[in-house]
Amino acid sequence: MDVRVTNVRKEFDRFPALHDVSLDIHSGELIALLGPSGSGKTTLLRLIAGLEMPTTGRIFFGDTDASEWTVQQRNIGFVFQHYALFRHMTILENVSFGLKVRPRSTRPPAGEIRRRALELLDLVQLSGLEKRYPNQLSGGQRQRVALARALAIEPAVLLLDEPFGALDAQVRRELRKWLREIHDRTGHTTVFVTHDQEEALELSDRLCVMSQGHVEQVGTPDTIYDQPSSPFVFGFIGESSQLPVTLVDGEIRHGNTAIGQSSGPLTAGPARLFFRPHDVDIVEPGAGLTGTVHSSRRVGGTRRVELDLGAGQLAEIDLPFDQAFSQSAAISFRPRRWQLFSAG
Amino acid sequence: MATKLTARRRRKASPTSESPLVQGLLIALSLLFMGVILLLPLYAVFHEALSKGIGSYFAALLEPDAQSAIRLTLLVAAIAVPLNLIFGLAASWAIAKFEFKGKAFLITLIDLPFSVSPVISGLVYVLLFGAGSVLGPFLKSYGIEVLFALPGIVLATIFVTFPFVARELIPLMQDQGSGDEEAALSLGANGWQTFFRVTLPNIKWGLLYGVLLCNARAMGEFGAVAVVSGKIRGQTTTIPLQVEMLYNEYNATAAFALASLLALLALVTLVLKSALEWRFSAEIAAGNH
């Protein structure tokens, strides 16, 4: 189901957590709300769920205004960071809960409830554990139970609040892949909150990057990574360096070094140049930006070198890990791809 | 010899464990203290109660005034404990799950009965419902007696035992947060379903523990009840009041026979609590994770 958030503002004790946020979530997509802590991403998720009510603004489920709906009326599946499994119920009882509490008229018969719960446990690969209690399961297993429980009510939208936040790195990676598979099989419209950009980029169809209660940018992982629309997004997603530059007739200059032509609306005056460490070409000494090696460290298959460009400006570039250079050697490079933002 | 010595030293399992001598001393000291302070009086109660034989023990318990005191005590507890269960649940729910102005004040207020002398709490009700008050004569004109009657005793008992359930539940519910309730609501459960299927099972052991303590205190309360009851023999005397009256009349055997009932209640409470903890230790542990 499509979910539309329009001009939503949310205040807690007069302190605004969200300012005028709008977001269109498309039916069947897997979208990530990504941002640092305090960016309002969890608040937005809880507003969609109906666990919080907006101060102003509206939320639509399909074409219907759902702003005044209670959490029960919205028929959402919510997965909590700390699982929130019912500790006094077995796994099977946990998964069947949402069906068992339905009013008699819409409640499936007991046998049907059991069959569906077992089917879901099979989907989340926990068959055979239905008689266990939550405290007898590992964190990863608990979160899979929580997902099965949320899916049991056939939710219109599946909402996950930092679903892998409490798990260790290895389990996180496994569950990430697995959540993508489940999504592709069941086709639920899914929104998940994360502060882990790697997770968001790898898992989602689209990302919504948030900061300080605002939506910074919404787009596919490629768009977000390759064409960040704001300095915040460029700095938050992936590795980047920024340099103060001057634009003269559309030409980008750092000191006396020309870097290239500005293709954007900025043509004159001071500006900020952003580029990523792997988007640079190494050039002949003096033919580009030149800096001395300040530090270097091995990152995966490359060596990330921090160059001192003078005047306290540092830039990071990637070099092949086997390229030899001496400490405080001078290296010249030129950004291959970049983005310009106005200074300020 | 030398190797034996090092072996013995090594047996000291961890840096924080003391030498056997210190361990023994500490254990002996605790046992001695418990013996003198707790077990000896308990023994004395039963010894004195049975000193004139089992026949006069039961005769003392079957005496009409004693019977009336037992009935009154049970009745007061039967009214006060369920009410405190509901009040305690409501208060801890409000404190643990909502944010509201005056929350800190409410928490302080809940502790008030612990910090006020029970005699004072009794006197407060005398002031509120006595002959010189506004409420007392008003209620009396409708035929409702509060002081020197059952309502006064129940009120005083409720006041004194109010904190037990709430004190037990507030930290438990605060610790558990509202995640489970949110999960239940998101799965379509309504408020009552959430309460009975999720909240109550989560707190049941804490609640039971609070109720046990509340009950023990309700039956044993002396000071507040003494002030409001008027101590009308056979009508408004609860077991503790009856014990004191008998004792003041140098009827030690009868006094201790009744007192033994309260002592038994204490023992039963303890056994019940331990039994529950033993039987449901896994679930209680799960509740504390």
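Residues numbered from 1 in each chain as written. Chains lettered and ligands numbered in written order. Predicted model: local features only at pLDDT ≥ 70, side-chain atom pairs only at ≥ 80, totals over all residues. Heavy atoms only, no water.

Novice: Account for the overall build of chain B, naming residues and giving values.
Specialist: Scanning chain B from N- to C-terminus turns up 14 helices and zero strands. Counted from the first residue to the last, chain B has its helices and strands arranged as α-α-α-α-α-α-α-α-α-α-α-α-α-α. Relative to the 2.2 N^0.38 estimate, which gives 19 Å for 289 residues, the radius of gyration of chain B is 24 Å and therefore markedly larger than a compact globule would have. Across its three principal directions, the C-alpha atoms of chain B cover 85 × 65 × 30 Å. (Helix = DSSP H or I, 4+ residues; strand = E, 2+ residues; numbered from the N terminus. Rg over C-alpha atoms; globule rule 2.2 N^0.38 Å.)

Novice: Can you lay out the pattern of salt bridges for me, pointing to particular residues and giving the numbers?
Specialist: This model, assessed by the stated rule, comprises 35 salt bridges over all chains. For the salt bridge of R233 of chain B with E249 of chain B, the shortest nitrogen-to-oxygen distance reads 2.3 Å. Taken together, the residues span a long stretch of sequence, with R233 of chain B in the loop between α11 (223-229) and α12 (239-248) and E249 of chain B in the loop between α12 and α13 (252-279) at a distance of 16 residues. For R233 of chain B, a relative accessible area of 32% translates into the label partly exposed. When salt bridges that share partners are traced, they join R172, R176, D196, E198, E199 and E202 of chain A into one network. (Salt bridge = Lys/Arg side-chain N within 4 Å of Asp/Glu carboxyl O. Buried < 20%, exposed > 50% of the residue type's maximum accessible area, 1.4 Å probe, protein only.)

Novice: If you had to explain the packing of aromatic side chains to someone new, which residues and values would you point to?
Specialist: All names here are of chain B. The final tally for this structure, using the stated rule, is 16 aromatic pairs over all chains. On the basis of an interplanar angle of 80° and a centroid distance of 5.3 Å, the ring pair of F114 and F164 is categorised as edge-to-face. With F114 in helix α5 (residues 103-115) and F164 in helix α8 (residues 150-176), this pair connects stretches of sequence that are 50 residues apart. Classification of F114 as partly exposed rests on a relative accessible area of 43%. The structure contains a cluster of three or more aromatic residues connected by ring pairs, namely W93, W192, F195 and F196. The residue whose ring lies beneath K97 is W93, and the NZ or CZ to ring-centre distance is 5.6 Å. (Phe/Tyr/Trp six-rings, centres within 6.5 Å; stacked < 30°, edge-to-face > 60°. Lys NZ or Arg CZ within 6 Å of the ring centre and 35° of its normal.)

Novice: Just give me the short version of the domain arrangement of chain A, but keep the residues and values in it.
Specialist: Often the size quoted for an interface is simply the accessible area lost on bringing the parts together. Residues and elements named next belong to chain A. Taken domain by domain, chain A comprises domain 1 (3-235) and domain 2 (239-342). One C-alpha centre belongs to domain 1, the other to domain 2; they are set 40 Å apart. Each partner contributes to the roughly 820 Å² buried at the junction of domain 1 and domain 2, and carbon and sulfur atoms together form 55% of this total. When the buried surface of domain 1 facing domain 2 is broken down by residue, Y225, P231 and F234 rank first, second and third, together holding 72% of it. Where domain 1 packs against domain 2, one counts one salt bridge. R337 is the salt-bridge partner of D226, the closest N and O atoms lying 3.1 Å from each other. (Domains from an automatic or database assignment. Buried area = accessible area lost by both parts, 1.4 Å probe.)

Novice: Got a sec to walk through the side chain of D161 of chain A? Specific residues and values, please.
Specialist: Residue and element names in this part refer to chain A. Within the secondary structure, D161 sits in strand β7 (residues 157-161). Buried charge without a salt bridge: D161, with R46 as the nearest opposite-charge side chain at an N-O distance of 5.6 Å. A polar atom in the side chain of D161 sits 3.2 Å from the side chain of T42. With near-sequence residues (within four places) excluded, D161 lies in contact with T42, L45, F78, V79, F80, Q81 and V193. (Lys, Arg positive; Asp, Glu negative; His and termini not counted. Polar contact = N/O pair within 3.5 Å; in protein donor to acceptor, adjacent residues only side chain to side chain. Contact = heavy atoms within 4.5 Å.)

Novice: I'd love a proper account of helix α6 (residues 118-129) of chain B, names of residues and values included.
Specialist: Count 3.6 residues to each turn of an α-helix, and residues three or four apart come out pointing the same way. Residues and elements named next belong to chain B. Look at α6: 17 Å from first C-alpha to last across twelve residues, which is about the 16 Å you get at 1.5 Å a residue. Turning to α6, its buried residues are S121, G122, Y125 and F129. Take α6 and look down its axis: the buried residues cluster within an arc of 100°, on one side only. Its buried side turned inward, α6 meets α7 (135-141), α8 and α11. (Expected span 1.5 Å × (residues − 1). Arc of directions from axis to C-beta.)

Novice: So what about helix α9 (residues 179-186) of chain B? Which residues, and what values?
Specialist: Residue and element names in this part refer to chain B. The buried fraction of α9 is high, at six of eight residues. Among the residues of α9, D180, E181, E182, A183, A184 and S186 are the ones counted as buried. Following α9 by one or two positions, G188 adopts a phi angle in the positive range, close to 100°.

Novice: Give me the domain arrangement of chain B: which residues, what numbers.
Specialist: All names here are of chain B. In terms of domain boundaries, chain B breaks down into domain 1 (20-49) and domain 2 (53-287). Using C-alpha coordinates to define each centre, domain 1 is positioned 29 Å away from domain 2. Contacts between domain 1 and domain 2 engage five residues on the former and ten residues on the latter. Of the roughly 640 Å² buried between domain 1 and domain 2, counting both surfaces, carbon and sulfur atoms make up 82%. Together, F46, E48 and A49 form the three largest contributors to the area buried by domain 1 at its contact with domain 2, with a combined 68%. Counting every contact that joins domain 1 to domain 2 gives zero salt bridges.

Novice: If you had to explain the interface of chain B and chain A to someone new, which residues and values would you point to?
Specialist: Each side of the interface is counted separately: chain B has 21 residues, and chain A has 22 residues. Regarding the contact of chain B and chain A, the summed buried area is about 2000 Å², with carbon and sulfur atoms giving 59% of it. Here chain B and chain A share two salt bridges between them. Viewed at the interface, chain A and chain B are joined by six residue pairs in polar contact (both at pLDDT 80 or more). When contributions to the side of chain B that touches chain A are tallied by element, the ones reaching two or more residues are α9, α10 (191-220) and α14 (281-287) of chain B. Broken down by element, the side of chain B that touches chain A gets its largest block of residues, seven residues, from α9 of chain B. Grouping the constituent residues of the side of chain B that touches chain A by class yields nine nonpolar, nine polar and three charged. (Nonpolar A, V, L, I, M, F, W, Y, C, P; charged D, E, K, R; others polar.)

Novice: So what's going on with the sheet that holds strand β16 (residues 289-299) of chain A? Residues and values would help.
Specialist: Strand pairing in a sheet relies on backbone hydrogen bonds. The paired strands run either parallel or antiparallel. Residues and elements named next belong to chain A. Spatially, the five strands line up as an open sheet ordered β15-β19-β16-β17-β18, and their pairing is antiparallel. The sheet terminates laterally at β15 (280-282) and β18 (314-320), the two strands that pair on one side only. Across the sheet, the mean angle separating the axes of adjacent strands is 50° when strand polarity is ignored. As paired strands, β16 and strand β19 (residues 330-335) are joined by four bridges and run antiparallel to one another. Paired with G291 across the bridge in β19 is I331. (Pairing = 2+ DSSP bridges. Axes fitted to C-alpha atoms, helices over the stretch in contact; angles between N-to-C directions.)

Novice: For the packing of helix α4 (residues 64-97) of chain B against α10 of chain B, give the residues involved together with the corresponding values.
Specialist: All names here are of chain B. Running from N to C, α4 and α10 point in directions that differ by 140°, and their axes come no closer than 9 Å. Here α4 lies oblique to α10, going by the angle between them. In this structure, α4 meets α10 at a crossing whose hand is right-handed. Listed contacts from α10 to T73, L74, A77, V81, N84, L85, L89 and W93 of α4 are F195, T199, L200, I203, L207, V211, C214, N215, A218 and M219. In terms of residue class, the contact of α4 with α10 is made up of 14 nonpolar, four polar and no charged. (Parallel < 35°, antiparallel > 145°, perpendicular 65-115°, else oblique. Left-handed = near helix turned anticlockwise from the far one by under 90°.)

Novice: Let's hear about the environment of G139 of chain A: which residues, and what values?
Specialist: If you trace the backbone, G139 of chain A turns up in helix α5 (residues 139-152). Excluding residues within four positions of it along the chain, G139 of chain A makes contact with Y83 and L167 of chain A.

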